[in-house]
Amino acid sequence: MLSLTKVISSTLNNLGNLVVKLTKSGKSDHRNVIEASPYGLDSNPIKGMVAIYSDTEVRGNPVVIGYVNKNRLAQVGESRLFSTDSDGELQFYVLLTNDGKLELGGTGRHLVAFEQTKIGLDNLVLLINAELVKAQAAITVAGGSYAMLPVSVNIDAAKINEITTP
Amino acid sequence: MITLKINDRFKNRKIDFFNDVTIDLKYDSVADTFTLRYLYDPNNFEHKEFSCVGHYHLCTIEDNGEVIITGVILSIEFEDDNVQTMVVISGYSLPGVLEDCQMPVTDTDYPIQTEGLSLKQIAEKSLKSFGLKIVIDPQVLVDMNSPYVKTEADNMQTIKSYLSELAIQKNIIITNDQYGNIVFTRAVNTRPIYNFERALPITNAKLTFNGQGIHSHIWAIAQASIEGLNASQSAPLRNPYCPIVFRPHVIRQTSGDSNNTDQVARTSRAKELRNLQLNLDLDRWVLAGKIVRPGKTITIINPWIYLFNKTEFFIEEVQLKVDAKQKTAKLKCVLPEVYTFENPKYIFSGINLHYPNA
């Protein structure tokens, strides 16, 4: 049977399971229950969350299978991942919007793409070197000398290979 | 001489005129029941005092000083007719309340999830509110003190059901004694108290076999454990009372851990063995000098009920009756393996010739 319960606290056991202490039915019905979650998702609820408690075939082996979230903002088609402090105050979020955007904690600034940055910088280097050639020629005409060293830039080391975008 | 005493928690009141006493004693139960009739006079102060409705008066029934049952009166039935009728009262033994009640929602009794507590500790905690006493048979003392990793009661589960669920994991039986104590014990092979033949004290003997409840192979299956162990299953367990045809039975483990599947299958087979039942009506209720009670074994030989060999049975239930004429008893007996959980012996082996080993 499923029950709506209230989270008191949570701890990790020696197997790395998240054990949620909750109040099941009545004020004193406190139980420690292991939380089940989608594979690869590791989150930890704050006190006061409403947890969905589910019995299994064997009595004494219930699991928490989810929470009734109260910080929902995602619009139709969107997905949002967020963290809070222990009082439930939003700390950071990742939002996949329904118009094809990814927000990382806000909308005020933008990230830059490596490839476009590299092209821009390479073009800039070409322009600078072309100007240096002109400057060298002018200096020579004026009787001076200027040993020109072409400017170069390499930002390959700044490339993050593990994160890609379209 | 039968004596009935009713205690209204102020004083013991002895009832002089009563009749038609029926007492049902069961081995695997904490609620032995009783019913009797007594002559009620509304003008008698004592009668008014002990006939109170809803007071759950304490009650003791004795036979020549030997206590048969200590319990509470649950129900009472008054009747007025052209001829004077008797009041009918009924009740059950003191621990019977555990069959009817759940864990009270108090800070003393909750939470009802435990970690690292033994059956003894859980029982003491569960019974505290009811003032019941626990008696532990020395043969189960070690198991009573060994802790469970984790236990959990359902809020709606009766206390008896919760304790039985835990006890069966350790092959412990919960019953009660004549003094109203709850008893944790285990059925072991003991010397039979009486050897019956086709003669008195038996007035009627009946052997019944209900084949529908019997299966040839029993499997217990269990879900994967929350600690990551695989889903498990027991080895198929054979029931010698279905040796020829194939009648498989699968049972799901609902308590304990995944190492218990073999035991779950054994418990299931033991329950099935109840389908072979011996019922004896006796012209008395004293055997070998004592009032016959459940939990003992007897032997019987009587080819007229297909018991060609001297066979041992376990007394599971006893009904004691007394009326104006005599005291009688009815015994409901089962195979001892119902409670010992041992591999059952086919008691009819060798009787027929077409399947000499079955």
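See above for the structure.
Residues numbered from 1 in each chain as written. Chains lettered and ligands numbered in written order. Predicted model: local features only at pLDDT ≥ 70, side-chain atom pairs only at ≥ 80, totals over all residues. Heavy atoms only, no water.

For the rest of this paragraph, the subject is the layout of surface pockets. Residues and elements named next belong to chain A. Its volume calculated, the largest pocket comes out at about 1,100 Å³. Along the wall of the largest pocket there are 26 residues; nearest its centre are L104, L111, V112, A113 and T165. For the lining of the largest pocket, the secondary-structure elements that each account for two or more residues are strand 8 (102-104) and helix 1 (114-141). Partitioned by chemical class, the residues of the lining of the largest pocket number eleven nonpolar, ten polar and five charged. When residues are assigned to domains, the lining of the largest pocket turns out to be shared by domain 2 (72-110) and domain 3 (114-158), each giving three or more. (1 Å grid on protein atoms, 1.4 Å probe; cavity = no way out; pocket = protein on both sides within 12 Å on 5 of 7 lines; lining within 4 Å. Points joined across faces, edges and corners; volume = space filled by probe spheres on them. Helix = DSSP H or I, 4+ residues; strand = E, 2+ residues; numbered from the N terminus. Nonpolar A, V, L, I, M, F, W, Y, C, P; charged D, E, K, R; others polar. Domains from an automatic or database assignment.)

All names here are of chain B. Under the defined criterion, the tally for this structure stands at 22 salt bridges over all chains. A salt bridge links R13 to E46; its shortest N-O distance comes to 2.6 Å. Residue R13 is found in strand 2 (residues 12-15), and its partner E46 is found in helix 1 (residues 45-50); the two are separated by 33 residues along the sequence. Using a relative accessible area of 26% as the deciding quantity, one classes E46 as partly exposed. E317 is the partner of K332 in a salt bridge, and the nearest nitrogen-oxygen pair spans 3.2 Å. Of this pair, K332 sits in strand 24 (residues 327-334) while E317 sits in strand 23 (residues 307-322), placing them 15 residues apart in sequence. (Salt bridge = Lys/Arg side-chain N within 4 Å of Asp/Glu carboxyl O. Buried < 20%, exposed > 50% of the residue type's maximum accessible area, 1.4 Å probe, protein only.)

Before going further, it helps to spend a moment on the sheet that holds strand 7 (residues 90-96) of chain A. All names here are of chain A. Pairing is antiparallel across the open sheet formed by three strands, whose spatial order is 6-7-8. Both edges of this open sheet fall to strand 6 (79-84) and strand 8, since each of them pairs with a single strand only. Averaged over neighbouring strand pairs, the angle between their axes works out to 15 degrees when direction is ignored. Where strand 6 and strand 7 come together, six bridges link them in antiparallel fashion. Counterpart to T84 in the pairing with strand 7 is L90. (Pairing = 2+ DSSP bridges. Axes fitted to C-alpha atoms, helices over the stretch in contact; angles between N-to-C directions.)

Before going further, it helps to spend a moment on helix 1 of chain A. All names here are of chain A. Under the 1.5 Å per step criterion, the end-to-end length of helix 1 is 40 Å for 28 residues, consistent within 8% with the ideal 40 Å. Among all positions in helix 1, only F114, V125, N129 and L132 are buried. Of the residues flanking the end of helix 1, it is G143, one or two places downstream, whose phi is positive at about 95 degrees. (Expected span 1.5 Å × (residues − 1).)

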